[in-house]
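Spelled out from the first residue to the last, the chains are:
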Amino acid sequence: MSSDTLAATPAAQRPPTPPVRPALVVVGAGPRGTGLIERIAANAPELYAGPGLDIHLVDPYPPGAGRVWRQAQSPLLWMNSHAQDVTMFTDETVDMAGPVRPGPTLHEWAGIDGRTFADRRLQGAYLRWVYERAVAELPPGITVHHHPRRALRVTGPRDGRQQVWLEGRPHPLAADLVVLTLGHLDAEPDAEQSELAAYARAHGLTHLPPDFTADSDLSRLGPGEPVLVRGFGLAFVDLMVLLTEGRGGRYDGDTYLPSGREPVLYVGSRRGVPYHAKIGYDWSGPRPPLPRFFGPAEVDALLARPEGFDFRRDVWPLVEKELGFAHYHRLFTAHPERTALAWAAFEERYAVADAADRAALVAGAVPDPADRLDLAALDRPLEGVRHASPEELQEALRGYVRADLDRRHDPRHSPDLAVFLALLSVYGQLVRLGDVGPWWHGFFSYLASGPPAPRLRQMLALSRAGVLRFVGADMTVRAEDGVFRASSSTVPGASVEARALVEARLPHATVQRSAGPLLRELHADGAAATPDGLLAVDPADGRVLDRSGRPHPRRFALGPHTDARGSGAFTRPRTGGPAFRQNDATARAALAFLRALAPRSTA
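Read on for an overview of the structure. Since the structure is predicted, the reported quantities are computational estimates derived from the model, not experimental observations. (Residues numbered from 1 in each chain as written. Predicted model: local features only at pLDDT ≥ 70, side-chain atom pairs only at ≥ 80, totals over all residues. Heavy atoms only, no water.)

## As for empty space enclosed by the protein
Then step 1. For the structure on display, the rule yields four cavities of 30 Å³ or more.
Then step 2. Considering only enclosed or pocket space, the largest cavity measures out at about 70 Å³ in volume.
Then step 3. Every residue lining the largest cavity is counted, twelve residues in all, and those nearest its centre are Leu430, Val431, Gly434, His441 and Arg565.
Then step 4. Counting only elements with at least two residues in the lining of the largest cavity, the list comes to helix 13 (415-430) and helix 14 (438-448).
Then step 5. In terms of residue class, the lining of the largest cavity is made up of six nonpolar, three polar and three charged. (1 Å grid on protein atoms, 1.4 Å probe; cavity = no way out; pocket = protein on both sides within 12 Å on 5 of 7 lines; lining within 4 Å. Points joined across faces, edges and corners; volume = space filled by probe spheres on them. Helix = DSSP H or I, 4+ residues; strand = E, 2+ residues; numbered from the N terminus. Nonpolar A, V, L, I, M, F, W, Y, C, P; charged D, E, K, R; others polar.)

## Observations regarding the packing of helix 12 (residues 390-408) against helix 15 (residues 453-465)
Then step 1. Running from N to C, helix 12 and helix 15 point in directions that differ by 160 degrees, and their axes come no closer than 10 Å. One element, helix 12, and the other, helix 15, form an angle in the roughly antiparallel class. Crossing hand, helix 12 versus helix 15: left-handed. Taken together, the residues of helix 15 that come into contact with helix 12 (itself represented by Arg398, Val401, Arg402, Asp404 and Leu405) are Ala453, Leu456, Arg457, Leu460, Ser463 and Arg464. (Axes fitted to C-alpha atoms, helices over the stretch in contact; angles between N-to-C directions. Parallel < 35°, antiparallel > 145°, perpendicular 65-115°, else oblique. Left-handed = near helix turned anticlockwise from the far one by under 90°. Contact = heavy atoms within 4.5 Å.)

## Structural notes on the sheet that holds strand 17 (residues 500-503)
Then step 1. If you walk across this open sheet you meet the five strands as 8-17-9-12-13, and the pairing is parallel. Bordering the open sheet on either side are strand 8 (206-208) and strand 13 (468-472), each of which pairs with just one other strand. Taking each pair of neighbouring strands and ignoring which way they run, the sheet shows an average axis angle of 20 degrees.
Then step 2. Judged from the five bridges that link them, strand 9 (residues 226-230) and strand 12 (residues 264-268) form a sheet pairing that is parallel. Considered in strand 12, the bridge of Leu228 is made with Tyr266.
Then step 3. Those strands touched by helix 6 (residues 234-243) are strand 9, strand 12, strand 13 and strand 17, and its axis lies near 170 degrees from that of strand 12. (Pairing = 2+ DSSP bridges.)

## Comments concerning the packing of helix 2 (residues 31-47) against helix 17 (residues 578-597)
Then step 1. Relative orientation of the contacting elements helix 2 and helix 17 amounts to 50 degrees, with a least axis distance of 8 Å. By the criterion of interaxial angle, the relationship of helix 2 to helix 17 is oblique. Crossing hand, helix 2 versus helix 17: right-handed. Between helix 2 and helix 17, the residues in contact are Arg32, Gly35, Leu36, Arg39, Ile40, Asn43, Ala44, Glu46 and Leu47 and Ala579, Phe580, Gln582, Asn583, Asp584, Thr586, Ala587, Arg588, Leu591 and Arg595, respectively.
Then step 2. Broken down by class, the residue content of the contact of helix 2 with helix 17 amounts to eight nonpolar, five polar and six charged.

## Regarding helix 15
Then step 1. Counted at 1.5 Å a residue, the expected span for helix 15 with its 13 residues is 18 Å, and the 19 Å between its end C-alpha atoms agrees.
Then step 2. Three or more residues of helix 15 are buried, namely Ala453, Arg455, Leu456, Gln458, Met459, Leu460, Ala461, Leu462 and Ser463.
Then step 3. Residues of helix 15 that are buried sit in contact with helix 6, strand 10 (250-252), strand 11 (255-257), helix 12 and strand 13.
Then step 4. Looking one or two places after helix 15, you find Gly466, whose phi comes out positive at around 80 degrees. (Expected span 1.5 Å × (residues − 1). Buried < 20%, exposed > 50% of the residue type's maximum accessible area, 1.4 Å probe, protein only.)

## A short note on the environment of Glu307
Then step 1. In this structure, Glu307 sits in the loop between helix 7 (296-303) and helix 8 (311-334).
Then step 2. On the accessibility criterion, Glu307 (59% relative accessible area) is exposed.
Then step 3. Residues Glu307 and Pro438, 131 residues apart in the sequence, show an inter-C-alpha distance of 22 Å.

## Brief notes about helix 8
Then step 1. Here helix 8 spans 32 Å end to end across 24 residues, near enough to the 34 Å set by a 1.5 Å rise per residue.
Then step 2. A large share of helix 8 lies buried, amounting to 17 of its 24 residues.
Then step 3. Its side-chain oxygen at 3.2 Å from the backbone nitrogen of Arg312, Asp310 defines the N-terminal cap of helix 8. (Polar contact = N/O pair within 3.5 Å; in protein donor to acceptor, adjacent residues only side chain to side chain.)

## Focus on the nonpolar core
Then step 1. Among the nonpolar cores identified, the biggest contains 70 residues, and Val229, Phe236, Phe294, Leu423, Leu430 and Trp440 are the most heavily contacted of them.
Then step 2. With ten residues, helix 13 is the largest single contributor of residues to this core.
Then step 3. Excluding residues that lie within four positions of it along the chain, Phe294 makes contacts with Val299, Leu302, Val315, Leu318, Val319, Glu322, Val426, Gln429, Leu430 and Leu433. (Core = buried A, V, L, I, M, F, W, Y, C linked by side-chain atoms within 4.5 Å.)

## Structural notes on unusual backbone geometry
Then step 1. Cis geometry marks the peptide bond from Leu290 to Pro291, where omega comes out at -5 degrees.
Then step 2. Mapped onto the fold, Pro291 is located in the loop between strand 12 and helix 7.
Then step 3. Positive phi is not limited to glycine here, since Arg574 has a value of about 60 degrees.
Then step 4. Tracing the sequence through the fold places Arg574 in the loop between strand 19 (551-557) and helix 17.
Then step 5. Using a relative accessible area of 52% as the deciding quantity, one classes Arg574 as exposed.

## With respect to the layout of surface pockets
To locate leftover empty space, one rolls a probe as large as a water molecule over the atoms.
Then step 1. Size it by volume and the second largest pocket reaches roughly 440 Å³.
Then step 2. Together, 20 residues line the second largest pocket, and His276, Asp374, Leu378, Arg407 and Asp416 are the ones closest to its centre.
Then step 3. Elements with a contribution of two residues or more to the lining of the second largest pocket: helix 11 (375-379), helix 12 and helix 13.
Then step 4. If you tally residues by element for the lining of the second largest pocket, the top one is helix 12, at five residues.
Then step 5. Across the lining of the second largest pocket, the residue classes break down as twelve nonpolar, two polar and six charged.

Purely geometric stuff here, so don't read any function into it on its own.
Structure, rendered in structure tokens:
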């Protein structure tokens, strides 16, 4: 029947128009997008009985693994967590409205030792399996379509269907709802990086800006060439691995045998030391009762302040007290011979003491200063330290790394593990406060999310072999005299020059500086951003907020590009999982919205 004939036919005689299937577009197919689909599958039997549902998953990388965990990368790159500490499945510790759907951790699924640091390709296979399981558990009528393309922009009215425009596709995807689960993003260079890049081009130098190390063009770093590296976290560890073992070097015990194709890495940072190694022993005995001084009530009080709050003034004192409580709870209960006061008496006084009184209390109750928690000293271990020569610094930092490895594998220092547990607890509470600034995330990663111990042992071997050289704290880089020149306050007067500079850190992609247009255009269209450039979302369910604080009825966002970024890359079993809670809330809100649309037709 032609359209002209249909128009001339009385409405009562026309064939019924088939109902329009609701559509949900999820932009980002990595762990967060996969977690959202798992929660949709878990909640749909209760919340959705519409005329089917199309879920469009948009990502140029494979579903499940996404970009970071894809198979197409070096097998030398490891995860940064024990296999037993990685799960994609909920348990009864998660505070959520949806049902618990248990499943295996990485080590249970792969059949490997729980304390293994699996390579990223194995984690990618696990994530692919989780994705396929989640899709298989969707009720009949809910269909997932993967579009291996980049999303460019989202348009559409607040009260109508949205359009998601994809690279290389002339027509947009129509969506009743859009959820952005973008993960970590590339960023446009800031002013400093732009100047360094221009200088490198003008003088024939090599400058590698912040990037995902697996995607960087490391072929530009020649054998034996001195390379300045700014950054001493996990991106540096990947760089170190790819430029040594990745170029044919190997380890014979604690000795590194070079291939001759390695550059010489001169590495420094603000702290001047690597992140602390992962703790190498398990917890035993009673856990500290957390949260104690920084829990839901304290967060509620901060959120209720009409004048807002300042992290350093209002939040950090509570965090500091919480971390100290965990530390001393463990010290007094597991190592009472190293204390001079009964725990009950100490706890009672600690609870009511301000910072100055707590310092006096600790000085009297904990005789050995090495048993006291000094967060400032932990954060800046080289503060005020000076060395007479670069060689003296090399030996001193090798000693620092050896001491860190010894301590992180010695249960006599188990208060360190208690502080780690408190850091996880604090992180879970801070999610509700939104964007608390970059300092906290760096501090958390430095203490709680450092590299596997074998990586630090490799670092020591590379240092002894002369392939890696420490620069020190407060590393500065100047572009002058046709080269890059680095110096540090740790070795006054010394400097090192090189024709190559690598920024060993992830890009800081704000909504204004994201390399892709999606977030930039969303912001231009009215989406709010925090002072640090994160996308502002409703903490209750992840709806994107506009600049007046109104949640968008049809746009959601989850993950590190938002001010409710959740916990680290993956959730440890039985730790409450803020990311799980957020995924569940968003899935339930989306299903309830889509249910309200049905049934509907184009008639």
